[in-house]
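Structural overview for review
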Amino acid sequence: MDIQMRQEIDQLADTIREVYDISVPIQDMNEVVQTLGGTINFDLKVVDGKIQKNGKGFNVFLGSQDSNSLRNRFTIAHELGHLFLHMGYKIDLQRWESVNREVYNRLGFSAEESQANEFAAAFLMPAEQFLEQARNTSKDTIIDIPLLAEYFHVSQLAAINRAKYLRLISW
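Described in the following lines is the structure provided in the data block. All values reported here derive from a predicted model rather than from experimental measurement. (Residues numbered from 1 in each chain as written. Predicted model: local features only at pLDDT ≥ 70, side-chain atom pairs only at ≥ 80, totals over all residues. Heavy atoms only, no water.)

As a further point, take unusual backbone geometry. The amide bond that connects Val24 to the next residue, Pro25, takes the cis arrangement and shows omega of 5°. Within the secondary structure layout, Pro25 lies in the loop between helix H1 (3-19) and helix H2 (29-36). For Lys90, which is not a glycine, the phi torsion comes out positive at approximately 60°. Looking at the element boundaries, Lys90 is found in the loop between helix H3 (70-86) and helix H4 (93-98). The exposure class of Lys90 is exposed, given its relative accessible area of 57%. (Helix = DSSP H or I, 4+ residues; strand = E, 2+ residues; numbered from the N terminus. Buried < 20%, exposed > 50% of the residue type's maximum accessible area, 1.4 Å probe, protein only.)

Structure, rendered in structure tokens:
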């Protein structure tokens with residue numbers, strides 16, 4: 001994924017949070033999904049997560065019952081990435097109505113999966129706020145990844161990857 005695509009995804013995540021008045025750090029992903037017009041459902045047959053059109057709304061399906069676990073928070077945000085980026089929800093009515101693929105599963109390593117992961121990171125850890133928190137919590141030149149992860153309610157791996165993409169730490 002090139003820098004321009006990453007910037008466009010970051011901007012889209014920022015716009016969605018702004019339009020729907022979603023403050024960061026996000027406390028309750030179930031509330032976010034409801035605000036956006038969807039529901040969260042649990043299905044033990046689902047490996048990680050999936051999203052499905054439901055009339056004018058959508059359903060997010062999780063394989064685990066805790067919608068606010070660190071893993072599920074990222075999975076939900078990932079599915080929202082598919083919803084906006086690939087299905088055109090609330091952005092491109094024609095694409096939304098014409099989308100033939102009603103279900104996206106969180107599996108694999110395709111370009112769409114990478115984009116949905118990028119959206120999830122940008123949605124949960126907006127660049128500006130992430131950089132500010134990193135500055136505020138750093139000691140000397142050492143970034144406190146555990147503290148950043150805790151602040152944004154994400155895993156340490158998600159915080160490390162976001163820090164890498166924002167060039168705070170090297171690969």
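Nonpolar side chains tend to gather and get buried jointly when the protein is soluble and globular. By size, the foremost hydrophobic cluster in this structure holds 47 residues, and its most contacted members are Phe58, Leu80, Leu83, Phe84, Phe119 and Phe123. When residues of this core are traced back to their parent elements, those giving at least two are H1, H2, strand S3 (57-62), H3, helix H5 (111-124), helix H6 (127-137), helix H7 (145-152) and helix H8 (156-165). With seven residues, the single largest contributor to this core is H3. In this view, Phe58 contacts Val33, Leu36, Gly37, Gly38, Thr39, Ile51, Gln52, Lys53, Leu80, Leu83 and Tyr89; residues no more than four positions away in its chain are not counted. (Core = buried A, V, L, I, M, F, W, Y, C linked by side-chain atoms within 4.5 Å. Contact = heavy atoms within 4.5 Å.)

Tallied over the entire structure, the rule returns seven salt bridges. The shortest N-O distance in the salt bridge between Arg71 and Asp48 comes to 2.7 Å. With Arg71 in helix H3 and Asp48 in the loop between strand S1 (38-42) and strand S2 (49-54), the pair connects residues that are 23 residues apart, well separated along the chain. By sharing partners, the salt bridges in this structure join Arg6, Asp10, Glu118 and Arg162 into a single network. (Salt bridge = Lys/Arg side-chain N within 4 Å of Asp/Glu carboxyl O.)

Before going further, it helps to spend a moment on the packing of H6 against H7. In contact at an axis separation of 10 Å, H6 and H7 are set at 135° when each is read in the N-to-C sense. Here H7 runs oblique to H6, going by the angle between their axes. Note on packing geometry: the crossing formed by H6 with H7 is right-handed. Packed against H6, whose contacting residues are Gln129, Phe130, Gln133, Ala134 and Thr137, the element H7 presents Leu147, Leu148, Tyr151 and Phe152 at the interface. Grouping the amino acids of the contact of H6 with H7 by side-chain chemistry returns six nonpolar, three polar and no charged. (Axes fitted to C-alpha atoms, helices over the stretch in contact; angles between N-to-C directions. Parallel < 35°, antiparallel > 145°, perpendicular 65-115°, else oblique. Left-handed = near helix turned anticlockwise from the far one by under 90°. Nonpolar A, V, L, I, M, F, W, Y, C, P; charged D, E, K, R; others polar.)

On the secondary structure map, Gln156 appears in helix H8. Separated by 62 residues in sequence, Gln156 and Gln94 place their C-alpha atoms 38 Å apart. Beyond its immediate stretch of four places on either side in the chain, Gln156 contacts Ile145, Pro146 and Ala149.

Within the secondary structure, Gln7 is located in helix H1. A relative accessible area of 53% means that Gln7 is categorised as exposed. Residues Gln7 and Ile26, 19 residues apart in the sequence, show an inter-C-alpha distance of 21 Å.

Counting buried residues in S3 gives six out of six residues, a clear majority hidden from the surface. Both faces of S3 are covered, namely the face carrying Gly57, Asn59 and Phe61 and the face carrying Phe58, Val60 and Leu62. Alignment of S1 against S3, held across five bridges, turns out to be parallel. The residue of S3 that forms the bridge with Ile40 is Val60. In terms of strand pairing, S2 meets S3 through six bridges, oriented antiparallel. By the bridge assignment, Gly49 is partnered in S3 with Leu62. The hairpin formed by S2 and S3 contains two residues between the paired strands, and Gly55 there has a positive phi angle of roughly 65°. (Pairing = 2+ DSSP bridges.)

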